[in-house]
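# Structural features, examined
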Amino acid sequence: MDYDYIINTAIAITKGFKVTYSLLFTTLLLSLPLGLLIALARISKTRLLQYVSGTYIWLLRGTPLLLQVFFIYFGLPAFGITFDSMTAAIVAFSLNYAAYFAEIFRSGIQSIDRGQYESADVLGLTYPQTMKRIIVPQMAKRVLPPVSNEVITLVKDTALVFGIGLLDTLRTAQIIVTRDFNITAFIIAGIFYLINTLILTIVFNRLEQKYSYYYD
Amino acid sequence: MNILKIKNVSKKFGALEVLKNINLEITRGEVVAIIGPSGSGKSTLLRCLIRLVNIDKGSIEIDGKSMVDQDDTGVSIYSSEKDIRVLRKKMGMVFQNFNLFPHKSVLENIIEAPLTVNRTIREEAESTADKLLAKVGLSDKRNSFPCELSGGQKQRVAIARALAMNPAIMLFDEPTSALDPELTGEVLRVMKALAEEHMTMLVVTHEMAFAREVADRVIFMDLGEIIEQGKPEDVFGNPTHPRTQAFLGQILR
Ligand SMILES: Nc1ncnc2c1ncn2[C@@H]1O[C@H](COP(=O)(O)OP(=O)(O)OP(=O)(O)O)[C@@H](O)[C@H]1O
Ligand SMILES: [Mg+2]
């Protein structure tokens, strides 16, 4: 085994980490709160909000993520809106993942017993107070497993941005493989994804433990 | 003075008439037990009073102020949301299933509404909560979570939580029905102590011994109507209506 080659290749691949990580973390930062807002719209009593959020979720979950990336990067300029490739990727990923998170949050919220709303209501809490202090905190505990699933999927989905020319981890590895006729770079990239999903799995397990101070 | 005035109250769920022209007046400090078969509308009556559900017809007056009035045809017209908020705050409610907030400690359950609704300062809210916990005999559970409590303890916390908002009227919807028989006593004792402090109480219950001993008045409901009411010794000892006789015959057998 040529250790120098492996190390040099690994170093070369780290150049792709920046794209992968910025996309991953920015997407999480934007899509989680957006997803919560869409979930709240979905369960609101206002017909219009239900309808708009329902359509949003249907559109964003019903078409391929890569198509959405293409649409935002190649399609929107036709309407006079242009993004650089990284921004386009972040926008598309955030909008897409928000739709998935919205559905997870909605089902989480709807799994909370009606009695929680009623007791908050008779104590005088307003609806926003009830959501913020009673319902959403309990929902957060319940949705950890499916959210963890989505986040791990997102780590791997970031590789889709090769489609608009971004040099993420996988694309960087692919360039090296093509140049060197050697698949070592792919193996290193694979290990990179595995390590990241492992870390995230551990983080989510910790979160679940942190929430285990109560059960209901 | 009557703290509660319920006039011609009717409520339908779809085609089902759950409350039919209910009339009821309750004086301050009175303890009223509401009994009756399943589906007779007992819970619905309490839920209408605290406006968890809206009534269709009739009026409700709380502490001399109208929460919901009726027009010439009897159709209910609710007061403004702001006024209703003020009136609802005069009532506390305890549910069969406790409905404690599972993610909050006993103390946090009790101070939640004082802090968020009344904007009481924390120290004050906590000292009130500690007094209430002592009153329901749970000072040692202050920092426990609901999942660590027995059913009877949960219900006592729920009572303390409702009392923390300093209500004038307490509504109890079968507070002991979800409890193992050996745990009902501790909850009933707390309720009895409350009655002795002259809290106005409406208690839907299957605990006939409690109703007999603590209530000033017993109301028998069936099929959405008040069939019979009176002093416990009269209703239990000498029921006049055949449906009351049948119900009591079954339950006291
Ligand atoms: N939200 C609702 N929607 C439709 N029907 C309802 C609703 N709430 C209650 N009902 C119906 O109204 C009737 C009266 O219900 P309610 O809960 O008031 O009875 P109850 O006297 O409290 O009975 P129980 O002793 O079983 O608690 C029942 O037939 C019930 O199915
Ligand atoms: Mg009931």
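Note that the structure is predicted; figures quoted are calculated from it, not measured. (Residues numbered from 1 in each chain as written. Chains lettered and ligands numbered in written order. Predicted model: local features only at pLDDT ≥ 70, side-chain atom pairs only at ≥ 80, totals over all residues. Heavy atoms only, no water.)

### Let's talk about the nonpolar core
Threshold: Residues belong to a common nonpolar core when they are buried Ala, Val, Leu, Ile, Met, Phe, Trp, Tyr or Cys residues joined through side-chain atoms within 4.5 Å. Summary of the burial criterion: residues with accessible area below 20% of their type's maximum are buried, those above 50% are exposed, and those between are partly exposed, where the area comes from a 1.4 Å probe applied to protein chains only. Here, residues are in contact when the closest pair of their heavy atoms is within 4.5 Å.
Core analysis: the biggest nonpolar cluster contains 58 residues, and F93, F101, F105 and V147 of chain A have the highest contact counts within it. Apart from the residues lying within four places of it in its own chain, the contact partners of F105 of chain A are L32, G35, L36, A39, M139, V143 and V147 of chain A. Counting 50 residues, the second largest nonpolar core, distinct from the first, contains V106, L138, L194 and V218 of chain B.

### Details of the site of ligand 1
All names here are of chain B. Basically, it comes down to this: Any residue with a heavy atom positioned within 4 Å of a molecule or strand is treated as near that molecule or strand. Whenever two N or O atoms come within 3.5 Å, that pair is a polar contact, provided that in protein one can donate a hydrogen and the other can accept it, and provided that, for residues adjacent in sequence, both atoms are side-chain atoms. For every accessible area listed, the method is Shrake-Rupley and the probe measures 1.4 Å; residues are considered covered only by the protein chains on display. What counts as a helix is a DSSP run of H or I of at least four residues, what counts as a strand is a run of E of at least two, and both are numbered from the N terminus.
In the vicinity of ligand 1, the contacting residues are F13, L16, V18, P37, S38, G39, S40, G41, K42, S43, T44 and E174. Within the backbone of G39, one N or O atom sits 2.8 Å away from an oxygen atom of ligand 1. With respect to ligand 1, the side chain of E174 contributes an N or O atom lying 3.2 Å from an oxygen atom. Within the complex, 59% of the 630 Å² of free accessible area of ligand 1 lies under protein. At the level of secondary structure, the elements contributing two or more residues to the shell around ligand 1 comprise β2 (16-27) and α1 (42-49). Looking at the shell around ligand 1, the element that brings in the most residues is α1, giving three residues.

### Focus: the interface of chain B and chain A
Cut-off, in case you're wondering: Put simply, buried area is the surface a 1.4 Å probe can reach on two separate parts but cannot reach once they are joined, added for both. Definition used for salt bridges: Asp or Glu carboxyl oxygen within 4 Å of a side-chain nitrogen of Lys or Arg.
Contacts between chain B and chain A engage 24 residues on the former and 21 residues on the latter. With both chains or domains summed, chain B and chain A bury close to 2000 Å², and 59% of this area falls on carbon and sulfur atoms. Together, P102, H103 and C147 of chain B form the three largest contributors to the area buried by chain B at its contact with chain A, with a combined 28%. If you look at where chain B meets chain A, you find three salt bridges.

### So, the side chain of T27 of chain A
All names here are of chain A. By secondary structure assignment, the location of T27 is in helix α1 (residues 3-42). For T27, a relative accessible area of 0% gives the class buried. Polar contacts involving the side chain of T27 include one to the main-chain carbonyl oxygen of L23, which spans 2.6 Å. Those residues in contact with T27 that lie beyond four places of it in its chain are S22, L32, I90, F93, S94, Y97 and L154.

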